[in-house]
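Structural overview for review
Residues per chain, in single letters:
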Amino acid sequence: MLVPLVALACASSLISAGVLQHRQDEAGRPAVSAQAPQVEPPAVPAQPAPIPPPKPPPPKPPPPPKPKPAQAKGVPCVAEVHACVRLSSRQAWLLDGAGHVIVGPVPITSGKKGARTSTGMWTVLWKDKDHKSEEFDDAPMPYSVFFEPGGIAFHTGSLRAQSSGCIHLANATAAKFFSNLKVGDGVQVLK
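Residues numbered from 1 in each chain as written. Predicted model: local features only at pLDDT ≥ 70, side-chain atom pairs only at ≥ 80, totals over all residues. Heavy atoms only, no water.

Quick word on the sheet that holds strand β5 (residues 126–133)
Heads up, the condition is: Any two strands with at least two DSSP-identified bridges between them are counted as paired. Helix and strand definitions here come from DSSP, where helices need a minimum of 4 consecutive H or I residues and strands a minimum of 2 consecutive E residues; each element is numbered from the N-terminal end. Interaxial angles span 0 to 180 degrees and are taken between N-to-C directions of axes, which are lines fitted to C-alpha atoms, for helices over the stretch in contact.
Taken in spatial order, the four strands line up as β5-β6-β7-β8 in an open sheet, and their pairing is mixed. Of all the strands in the sheet, just β5 and β8 (167–169) have a single pairing partner and so form its edges. Each adjacent strand pair in this sheet contributes to an overall mean axis angle of 30°, direction not counted. Two elements, strand β7 (residues 152–156) and β8, share three bridges in a ladder whose sense is parallel. In the sheet register, Thr156 faces β8, and the bridge partner there is Leu169.

Quick look at the packing of aromatic side chains
So the rule is basically this: Only centres within 6.5 Å qualify two rings of Phe, Tyr or Trp (six-membered ring in Trp) as a pair; their planes then separate them into stacked at under 30 degrees, edge-to-face at over 60, and tilted for everything else. The criterion is that NZ of a Lys, or CZ of an Arg, lies within 6 Å of the ring centre and within 35 degrees of the ring normal, and then a charge sits over that ring.
Under the criterion given, the structure shown has four aromatic pairs. Ring centres 4.0 Å apart and planes at 5° place the aromatic pair Trp126 and Phe146 in the stacked group. Of the two residues, Trp126 is situated in strand β5 and Phe146 in strand β6 (residues 139–148); the sequence distance between them amounts to 20 residues. Seen from the ring of Phe178, Lys127 lies directly overhead, with NZ or CZ sitting 4.5 Å from the centre.

Considering the sheet that holds strand β2 (residues 91–95)
Taking strand neighbours across the sheet as the criterion, the five strands line up as β3-β2-β1-β9-β4 in an open arrangement whose pairing is mixed. This sheet does not close on itself; its edge strands, each paired only once, are β3 (101–107) and β4 (120–123). For this sheet, the mean angle separating the axes of adjacent strands, direction not counted, is 15°. Pairing of β4 with strand β9 (residues 186–190) involves four bridges; the strand directions are antiparallel. What sits directly across from Met121, in β9, is Gln188.

A short note on the layout of surface pockets
This is how the line gets drawn: Cavity means a closed set of points on a 1 Å grid over the protein atoms alone, one where a 1.4 Å probe fits but cannot get out, pocket means an open set with protein on both sides within 12 Å along at least 5 of 7 lines, and lining means a residue has an atom within 4 Å of a point. Grid points are joined across faces, edges and corners, and a volume is the space filled by probe spheres set on the points. The classification used treats Ala, Val, Leu, Ile, Met, Phe, Trp, Tyr, Cys and Pro as nonpolar, Asp, Glu, Lys and Arg as charged, and all other residues, Gly among them, as polar.
Of the pockets and cavities examined, the largest pocket occupies roughly 360 Å³. Contributing to the lining of the largest pocket are 19 residues, with Ser133, Glu135, Phe136, Met141 and Cys166 lying nearest its centre. With four residues, β6 is the largest single contributor of residues to the lining of the largest pocket. Here the residues of the lining of the largest pocket sort into eight nonpolar, nine polar and two charged.

Section: the state of the cysteines
We apply this condition: Cysteine sulfurs are considered disulfide-paired once they come within 2.5 Å of each other.
The tally for this structure, following the rule as stated, stands at one disulfide. Each disulfide pairs two cysteine sulfurs, and for Cys77 the partner residue is Cys84, the sulfurs being separated by 2.0 Å. As the torsion about the S-S bond is roughly 75°, the Cys77-Cys84 disulfide counts as right-handed.

Description of the pairing of β6
The pairing of β5 with β6 spans seven bridges and is classified as antiparallel. Its bridge partner being in β6, Asp130 is matched across the sheet by Pro142. The loop that links β5 with its antiparallel partner β6 comprises five residues; one of these, Asp137, has a positive phi angle of about 55°. Pairing of β6 with β7, which is carried by three bridges, proceeds in the antiparallel orientation. Considered in β7, the bridge of Glu148 is made with Ile152. From the end of β6 to the start of β7, which pair antiparallel, there are three residues, and Gly150 there has a positive phi angle of about 100°.

Some words on the confidence of the model for the protein
Our working rule: Confidence scores labelled pLDDT are given residue by residue by the predictor and lie between 0 and 100.
Here the protein shows a mean pLDDT of 82. Residues at 70 or above account for 77%. Mean pLDDT per element in the protein: helix α1 (residues 2–22) is the minimum at 47, and strand β1 (residues 83–86) is the maximum at 97.

Focus on the nonpolar core
We apply this condition: Among the buried residues, those of types Ala, Val, Leu, Ile, Met, Phe, Trp, Tyr and Cys that are joined through side-chain atoms within 4.5 Å form a nonpolar core. Relative accessible area decides the class of each residue, using a 1.4 Å probe on protein chains only: under 20% of the type maximum gives buried, over 50% gives exposed, and in between gives partly exposed.
Counting residues in hydrophobic clusters, the biggest one holds 21 residues, and the most contacted among them are Val85, Phe154, Ile167, Leu169, Phe177 and Leu181. Breaking this core down by element, the ones donating at least two residues are β1, β2, β3, β6, β7, β8, α2 (171–180) and β9. Per-element tally for this core: the top contributor is α2, with three residues. Of all hydrophobic cores here, the second largest spans ten residues; its members include Ala79, Trp93, Leu95 and Leu190.

The following block contains the structure:
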């Protein structure tokens, strides 16, 4: 008698489930049932995965340190310059750009108080064999080789009186500096 009761219980469950599926609520909408068929949401087209931004390149290694410029033999300046001036000893040298002395040391005078000659690394900017200074009432400055902005030059001048910033040389020495130095050549002025 147990078998017919189990069969009856199963049949009654199926009937109840069917009734629940076809019932409607008071508003006429189908009632939700525990066994109602599940509706799958509409398929959404698959979005491609976003492409990650490119990775930045690794940082460049720092450049190797520049080798210290070679010192010219017997001269206080570096070998690569073409003219060397030491203000404290009142001397100048003319070099070949490879550290070899062409002329020097030769005596000089430089800028007076309030118009001192600047120290540093410079390059020859321009030359004028018969230059006259507009700033000083057309004062002659033979064999002028301008190397610093502001009109500072090597030129013929007094070796007793200080200048207004230029490097004075004897006339014959100024002529040698003029003929050997070219635009772009390096000039080093030391204290």
